[in-house]
Amino acid sequence: MTTAFGIILIAERAALLSGRDDEFVAVTTKGFTGMRWGELVGLETGYVRPGAIRVEWQLYELDTGELIRCPPKDDSRRTIDVPGWLSDLLAEHIARARPKPCSCHGFTYVFSGHRPPTGAPRRSGATLVDVARRAEVSPATASAALNHPEVVADATYARIMAAIADLGYVRGGAGGELAAHWRRNGFGTWVFQPAVTGRYPKKGPLAVRPVPILGEPWPGIPLRGRNAGGRADACWVPIAPGLTPHGLRHTHKTLMEELGTPAKLMDERMGHDDGAVQARYTHVTPEMRRRLMDGLTEVWETALAARRAISPGSPVSVLDRLLRSRVR
């Protein structure tokens, strides 16, 4: 498990690795709701409501890699109360991402995949390397201009945008369409584990290796491409070695324990069913829910303050706004 502070740090790194804010919102949502992986991937926009998430479906991944839409584990349909700050974070994400129905299920999901689908054919067209060559910058700088324009000098940004226009570059175009949904293994290998440990795990012929980064702005911008290690000036240290995406459920349960949450309410949020006779005589009240929401808000604000104490801003735009909006 990790802590609320650890959730923020891991979510920030996950967004930097993917190059978009989506993963910050996804990891934060998982850590502060305890949703299962399939429930998070299968969360449809229609089930995100002010102050609550309704869990009706999950996307279950078969051994073949196919994702099927089915009820949550043990038919644990439920409503998860969410604090106001998380409700706002999700609403802003949906408004920004403007998700569309996926071609595989026909439903609109809150979170989408990032890497190309397995076996997707490559399409002709300019690549980011071509853009970098035309703009006379490194591929890392071209990538930063797309993902984190605030860290690129104005003149350099203008050259990169001009090169994109000249070449007709389409993001993701040469590599095919992006997958509609994250696969558990892909997310763990390329986003979650590097964010948690500071190292890419062994994958095929590739050995375990540090995530090379440019150290400024903090916590650093991951580098990719040729001689990434040679161009880096730092690498990440571990945050929570051994943590898996499922471990965020353990983290959420532990946060609730620390807040003194009644067992009945914890079971409700986690989708567990206590069949004991004593459990039948315990009921969840509005006051219990309010205390938990207040407690999770206090935990979040404390963790955000700890992150702000390290650096008052972030290369991740959604986190940067949160940090700067609370500067007195």
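Since this is a predicted model, take the numbers as computed values, not measurements.

Scoring rules and cut-offs
- For every chain, the first residue of its written sequence is number 1, and the numbers climb from 1 along that sequence.
- Only residues with pLDDT of at least 70 are given local features in this predicted model, and only at 80 or more are side-chain atom pairs given and counted; all residues enter the totals for whole chains, interfaces and linings.
- The basis for every side-chain value is the complete set of non-hydrogen atoms in the structure, without hydrogens or water.
- Being paired, for any two strands, means DSSP has found at least two bridges between them.
- In this text, helices come from DSSP runs of H or I with a minimum length of four residues, and strands from runs of E with a minimum of two, each type numbered from the N-terminal end.
- The term nonpolar core refers to a set of buried residues drawn from Ala, Val, Leu, Ile, Met, Phe, Trp, Tyr and Cys, joined through side-chain atoms within 4.5 Å.
- Exposure is judged per residue with a 1.4 Å probe applied to protein chains only, and the accessible area is read against the type maximum: over 50% gives exposed, under 20% gives buried, and values in between give partly exposed.
- Note on contacts: a residue pair qualifies if any of its non-hydrogen atoms lie within 4.5 Å across the two residues.
- Axis lines are fitted to C-alpha atoms, over the contacting stretch for helices. Their N-to-C directions set the angle, which ranges from 0 to 180 degrees.
- Oblique is the label for any angle not under 35 degrees, not over 145, and not in the 65 to 115 range, which are roughly parallel, roughly antiparallel and roughly perpendicular in turn.
- Helix crossings fall into two classes, left-handed where the near helix is turned counterclockwise from the far one by less than a right angle and right-handed where it is turned clockwise.
- Under the grouping applied here, Gly and all other residues not named as nonpolar or charged are polar, the nonpolar ones being Ala, Val, Leu, Ile, Met, Phe, Trp, Tyr, Cys and Pro and the charged ones Asp, Glu, Lys and Arg.
- Ring pairs shown here join Phe, Tyr and Trp side chains whose ring centres sit within 6.5 Å, with only the six-membered ring taken for Trp; geometry is labelled stacked below 30 degrees between planes, edge-to-face above 60, and tilted in between.
- Under this definition, polar contacts are N or O atom pairs within 3.5 Å; protein pairs additionally need one hydrogen-donor-capable and one acceptor-capable atom, and for neighbouring residues in sequence, both atoms have to be side-chain atoms.
- Helix span is expected to be 1.5 Å times the residue number reduced by one.

Chemist: Give me the sheet that holds strand E1 (residues 48-49): which residues, what numbers.
Modeler: Here three strands make up an open sheet; going across it, the order is E1-E2-E5 and the pairing antiparallel. The open sheet has two edge strands, E1 and strand E5 (78-81), and neither has a second partner. When strand E2 (residues 52-55) meets E5, the two strands line up antiparallel, connected through four bridges. Residue Ala 52 lies in a different strand from E5, and its bridge partner there is Asp 81.

Chemist: Before we move on, could you go through unusual backbone geometry and cite the residues and values that matter?
Modeler: It is generally the case that most residues other than glycine have a negative phi and that most peptide bonds are trans. A cis amide bond, omega -5°, links Glu 216 with the succeeding residue Pro 217. Looking along the chain, the bond that leaves Trp 218 and enters Pro 219 is cis, with omega of 10°. Secondary-structure assignment places Pro 219 in the loop between strand E8 (212-214) and strand E9 (221-222). Phi is positive for Asp 75, which is not a glycine, with a value near 55°. Among the structural elements, Asp 75 can be located in the loop between strand E4 (67-70) and E5. In this structure, Arg 98 takes a positive phi of about 45° despite not being glycine. On the secondary structure map, Arg 98 appears in the loop between helix H4 (84-97) and helix H5 (128-135).

Chemist: Tell me about the pairing of E4, and name the residues and values.
Modeler: Here strand E3 (residues 58-61) pairs with E4 via four bridges, running antiparallel. For Glu 61, the partnering residue across the bridge sits in E4 and is Leu 67. In textbook terms, the turn of a hairpin is the stretch between consecutive antiparallel strands, and for E3 and E4 this stretch comprises five residues, one of which, Gly 65, has a positive phi near 95°.

Chemist: Describe in detail the nonpolar core, supporting the description with residues and values.
Modeler: If you look at soluble globular proteins, the nonpolar side chains tend to sit buried side by side. Judged by nonpolar contacts, the single largest core of 65 residues is most densely connected at Phe 24, Phe 32, Leu 90 and Trp 300. With near-sequence residues (within four places) excluded, Trp 300 lies in contact with Ile 8, Phe 24, Thr 28, Phe 32, Trp 85 and Leu 322.

Chemist: Talk me through the packing of helix H1 (residues 4-18) against helix H8 (residues 184-197); I want residue IDs and the actual numbers.
Modeler: At a closest axis distance of 8 Å, the pairing of H1 and H8 adopts a crossing angle of 135°. Overall, the two elements H1 and H8 adopt an arrangement that is oblique. Here H1 runs over H8; the crossing is right-handed. Residue-level inspection shows Ile 10, Arg 13, Ala 14 and Leu 17 of H1 in contact with H8, the latter providing Trp 190, Val 191, Phe 192, Pro 194, Ala 195 and Val 196. Residues of the contact of H1 with H8, tallied by class, amount to nine nonpolar, no polar and one charged.

Chemist: Mind laying out the packing of aromatic side chains, listing which residues take part and the relevant values?
Modeler: Per the stated rule, a full pass over the model turns up seven aromatic pairs. Ring geometry for Trp 85 and Trp 300: centres 3.9 Å apart, planes at 5°, overall stacked. Of this pair, Trp 85 sits in helix H4 while Trp 300 sits in helix H12 (residues 286-310), and the two are 215 residues apart along the sequence. The exposure class assigned to Trp 85 is buried, which follows from its relative accessible area of 12%. Overall, the relative accessible area of 1% leaves Trp 300 in the buried class. Considering the side-chain rings of Trp 182 and Phe 187, the 5.3 Å spacing of their centres and the 75° angle between planes classify their relative orientation as edge-to-face. In terms of burial, Trp 182 and Phe 187 fall into one category: buried.

Chemist: Could you give me a rundown of the environment of Arg 269, with the residues and numbers involved?
Modeler: Structurally, Arg 269 can be placed in helix H11 (residues 263-270). In this structure Arg 269 touches Phe 32, Thr 33, Arg 78, Ile 80, Asp 81, His 252, Met 256, Leu 292, Met 293 and Leu 296, once residues within four positions along its chain are discounted. For Arg 269, the side chain forms a polar contact with the side chain of His 252, separated by 3.2 Å.

Chemist: Summarise the sheet that holds strand E10 (residues 234-235); cite the residues concerned and give the values.
Modeler: Pairing is antiparallel across the open sheet formed by three strands, whose spatial order is E9-E8-E10. With partners counted over all chains shown, the strands left at the sheet margins are E9 and E10, one partner each. Looking at chain direction, E8 and E9 are connected through two bridges and run antiparallel. Pairing of Ile 213 across the sheet is with Pro 222, part of E9.

Chemist: Describe H12, naming the residues involved and giving the relevant values.
Modeler: Between its terminal C-alpha atoms H12 stretches 37 Å, which fits the 36 Å expected from 25 residues at 1.5 Å a residue. By the burial criterion, the buried members of H12 are Met 288, Leu 292, Met 293, Gly 295, Leu 296, Trp 300, Ala 303, Leu 304, Arg 307 and Arg 308.

Chemist: Mind laying out the side chain of Glu 56, listing which residues take part and the relevant values?
Modeler: Within the secondary structure layout, Glu 56 lies in the loop between E2 and E3. Among the residues examined, Glu 56 registers a relative accessible area of 18% and is labelled buried. At a separation of 2.9 Å, a polar atom in the side chain of Glu 56 contacts the side chain of Arg 54. Within the structure, Glu 56 has its side chain in polar contact with the side chain of Arg 77 (distance 2.8 Å). Filtering out sequence-adjacent residues up to four positions away, Glu 56 remains in contact with Tyr 47, Pro 71, Pro 72 and Arg 77.

Chemist: If you had to explain helix H13 (residues 317-325) to someone new, which residues and values would you point to?
Modeler: Residue pairs spaced three or four apart in an α-helix point in one direction, given the helix's 3.6 residues per turn. All of the buried residues in H13 are Val 318, Leu 319, Asp 320, Leu 322 and Leu 323. Next to the buried residues of H13 lie H1, helix H2 (22-33), H4 and H12.

Function-wise, these values are silent; they only describe arrangement.
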